[in-house]
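A closer look at the structure
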Amino acid sequence: MPDCAGPPGLSTLADAGTTPSQRRFAVAVAAAFGLLTLALLPIVAEPMGAMPGFVPSYQAALITVYAVTTCLFFAQYRRTRSVPLLVLAAGSLFTTLIVAVQLLSFPGLFGPGRIIGSGPGTTTWLWTLWHVGPPLFALPYAIMEGDRRPRLVPRARVGAVGGLTALAVAAVAGGLSWIVVAYVDYLPRSVEGDNYWLLTTSGVGPAVVLLTVAALATLCWRTRLGTVLQLWLAVSLLLLVFDNLITLPGAARGTVGWFAGRLEALAAGIVVLAVYLREVDVLYGAAEAAAVQSERQRAELEIARDNVAIALEAADMGNWTLDLRTGASVRTLRHDRIFGYDSLLPRWGLADFLGHVVVDDRALAEAAMARAQVENTLCFQCRITRAGDGAERWIDVRGRLYRDPDGTPASMAGVVIDTTDRHEAEQRLSQAQKMEAIGQLTGGVAHDFNNLLTVIVGNLDMIVRRPDNAQRVERLATSAMTAARRGAEVTEKLLSFSRRQVLRPETVNPNHLIKDFQGLLQRAVGETVDIVLDLDAALDPVRLDPGQFESAILNLAVNARDAMPSGGTLTIRTENLSLTPERRAAWPDLSLGDYVRVTVSDTGLGMDAATAARAFEPFFTTKDVGKGTGLGLSQVYGFARQGGGQVRVASAPGQGTSITIDLPRSAEPVVQAARTDGLLPLRRAAEGEVVLVVEDEAAVLEMAVESLSELGYRTLTATHAAEALERLKGPERIDILFSDVVMPGGMNGVELATHARALRPGLRVLLASGYTGSALGEQGVPVDLPLLSKPYRREDLADKLRLVMVGR
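One structure accompanies this document, and this report is about it.

About the criteria used
Residues numbered from 1 in each chain as written. Predicted model: local features only at pLDDT ≥ 70, side-chain atom pairs only at ≥ 80, totals over all residues. Heavy atoms only, no water. Pairing = 2+ DSSP bridges. Helix = DSSP H or I, 4+ residues; strand = E, 2+ residues; numbered from the N terminus. Axes fitted to C-alpha atoms, helices over the stretch in contact; angles between N-to-C directions. Contact = heavy atoms within 4.5 Å. Polar contact = N/O pair within 3.5 Å; in protein donor to acceptor, adjacent residues only side chain to side chain. Salt bridge = Lys/Arg side-chain N within 4 Å of Asp/Glu carboxyl O. Buried < 20%, exposed > 50% of the residue type's maximum accessible area, 1.4 Å probe, protein only. Phe/Tyr/Trp six-rings, centres within 6.5 Å; stacked < 30°, edge-to-face > 60°.

The next point concerns the sheet that holds strand β2 (residues 329-331). If you trace the five strands from one edge of the open sheet to the other, you get β2-β1-β5-β4-β3, paired in antiparallel fashion. Unpaired on one side and paired on the other, β2 and β3 (377-385) mark the two borders of the sheet. Strand-to-strand twist of the sheet, defined as the mean angle between neighbouring strand axes without regard to direction, takes the value 20°. For strand β1 (residues 317-323) and β2, the ladder comprises three bridges, and the chain directions are antiparallel. Residue pairing for β2: Trp320 is matched across the bridge by Arg331. Sitting on the sheet, helix α12 (residues 359-375) touches β3, β4 (392-403) and β5 (409-418), and the angle it makes with β3 is about 165°.

Structure below.
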């Protein structure tokens, strides 16, 4: 397909719009010539004195004007490839040639007679032809410009089309001139001596006037004189009309009308040329101003380039530009020094860069490069091996991709920064922050557990010293048990925060869980707090540990109650959330996908920004001493993060607090779990079942054996997995394996259960643990193995044994 797009660049007379001042000036010029024509009409037939040399001077000026105008039109055509402009150029060339031929028909100019022609009839008919030229070519120009459709010559054919057009016009002008010269006697008579009245009475003169008027009217009607060229072309045609109007009534050479008509015809040609010359002056001024501005910008760019170079050097940055088509690059010396070279290498490409990247980071760098082809930005960090000393350094690469007009990647430019020192400083800071957090955590744990152990140790000491008072022993034992349970709660919340607690996830609808324990929530917050549930009926299912979820909501509700001492409203809202790439910036910790959002909001006192920033820290609390452990929100944080989601807080003093939990949507169907509200009796051994207890802690082992004995079970013991397997290989009756999860010796409780079932397929298994994260890594405890959390009571052990022996 040929390229017919118009050229960008400066506006010209052909497409520049007119201004009110230009229109007023054009009207003034036309009015001036119109008034001059009207003033001279009464005396157009009056003879004037002889003016030797007028005709050759006039004709030469006319030829020069139209010749220069022809060159300008053809030059504009070559630049714009516009067909309408080519038509005007052809018309101007035709007029130039006819006027030149007419000059040769005048007697006495270049010799005693005429060069061509046999009399004044030839001169008159050539005069008619050149007056026909401008309107005849202006008419198709006006028609084409009127519909405002671009008509362009294909770029590759501009020269050929222009040349052929010029040859065709020259041939037509030559042919018409030959006809007039050779066959003038066969044409209507238009002159008798110096009298041109026959030109009027024959109708030839009025026909020329009508053609010019028609061209002028068409130009005004079709184009509305929207451009400067159209405006002054209309003025030129109007002056030709004035020329005819003042020449034809005079009807003789040497009269006032004849001289005035010649001057108006010359003015008609000069008008367009003068406007073009004015444009040249304006363009020259614009070019001069552009040159000055360009020089100023070049100087400013040079200063900016120097400043950037200084800044890059001060920041230890090396800048680079990479041509993606050739692989060539331009770099600063600092760039190559980052990679270990003392001087600029002769060549540096993508392969050279990747050759320095540490093998483990190479895939990351290649992926970032590929991503830049789509996103147009390059940003990644990696490690490199420096040339020379072979040192491993961290670098930060940032850049931008630039494309060709057709969208093809062309080049990339950016900077590379050696961030090794900063990376090491951040690691030291992170380590210091970790140590500070550990210190704070251990301090909080020590504080709480010392208080609890004080109660337990003190009460047990008093029991040992005076065991004879049963009522007193029961009271002191109950107090110690309460303190021990508080210690278990602290441990559970610490495991939750660290995301190390053992979860028993189920696919549930959070709405059902919230509704099921709404009564418990109301009792927890008291009568002064109103609970409002705004639950999405179309809420997606979530896979979570129902107990941990309920504990998290309860913790949030209790915190909200404490923030509303005078009462208020607690709102629990659920909704679905779809995290798309466009919304990723608002939730940077979440992966793309679908989530379920649970928001707990209160109308309480709120928190300032500093307090909200520390809200999830363990043992951080704003409550009075003895009224909170500072582990409530940390449990919520650990629950959300371990479930693959996140939790955020939004609060302001006096405006309440909103805690938002986002959890991944589950594709599995909801499982309706049956819940037993009534109390069941303790499950006791029915047929003398034998339990193999595996526990490495002697005191815990003793307590477990005692509890099982009270429940009627016979017990066997082992202190590690290998010993337990030896017993399982023996002939003794063993119905249940009750094992700790974390044990020394290289085999944990889960692995022991697998081997035990292989030895005895019908063996029932119950595991116990207070902490499994480091022992089991990401695998955790399989869902088909019942788990008893430490610390546990005899009643808890009996309930789990019921599941093991009955429900499994």
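In this section: the side chain of Asn511. Inspection of the secondary structure puts Asn511 in helix α15 (residues 510-516). A distance of 2.8 Å separates a polar side-chain atom of Asn511 from the backbone oxygen of Asp536. Residues in contact with Asn511, not counting those within four places in the same chain, are Leu535, Asp536, Leu539 and Thr574.

To continue, consider the pattern of salt bridges. All told, the structure shown has 16 salt bridges when counted by the stated rule. Its salt-bridge partner being Asp147, residue Arg149 comes within 3.4 Å of it at the nearest N-O pair. Using a relative accessible area of 53% as the deciding quantity, one classes Arg149 as exposed. As a salt-bridge pair, Glu392 and Arg383 come within 3.6 Å of each other at their nearest N and O atoms.

Our next topic: the sheet that holds strand β11 (residues 646-651). Read from one edge of the open sheet, five strands run β7-β9-β10-β12-β11, paired in mixed fashion. Strands at the two margins of the open sheet, each flanked by one partner only, are β7 (529-534) and β11. With direction set aside, neighbouring strand axes in the sheet form an average angle of 20°. In this structure, β7 lies alongside strand β9 (residues 568-579), joined through six bridges in parallel fashion. Bridging across to β9, Leu533 finds its partner in Ile572. Against the sheet, helix α17 (residues 546-562) touches β9, β10 (593-602) and β12 (657-664), its axis set at about 30° to β10.

Within the secondary structure, Ala609 is located in helix α18 (residues 609-613). Since its relative accessible area comes to 66%, Ala609 is described here as exposed.

Quick look at the packing of aromatic side chains now. For the coordinates displayed, the defined rule picks out nine aromatic pairs. Where Phe339 meets Trp348, the ring centres are 4.9 Å apart and the plane angle is 55°; that geometry is what we call tilted. Judged by relative accessible area, Phe339 falls into the buried class, the value being 1%. Ring centres 6.3 Å apart and planes at 75° place the aromatic pair Tyr341 and Trp348 in the edge-to-face group. One aromatic cluster in this structure is built from Phe339, Tyr341, Trp348, Phe353 and Phe380.

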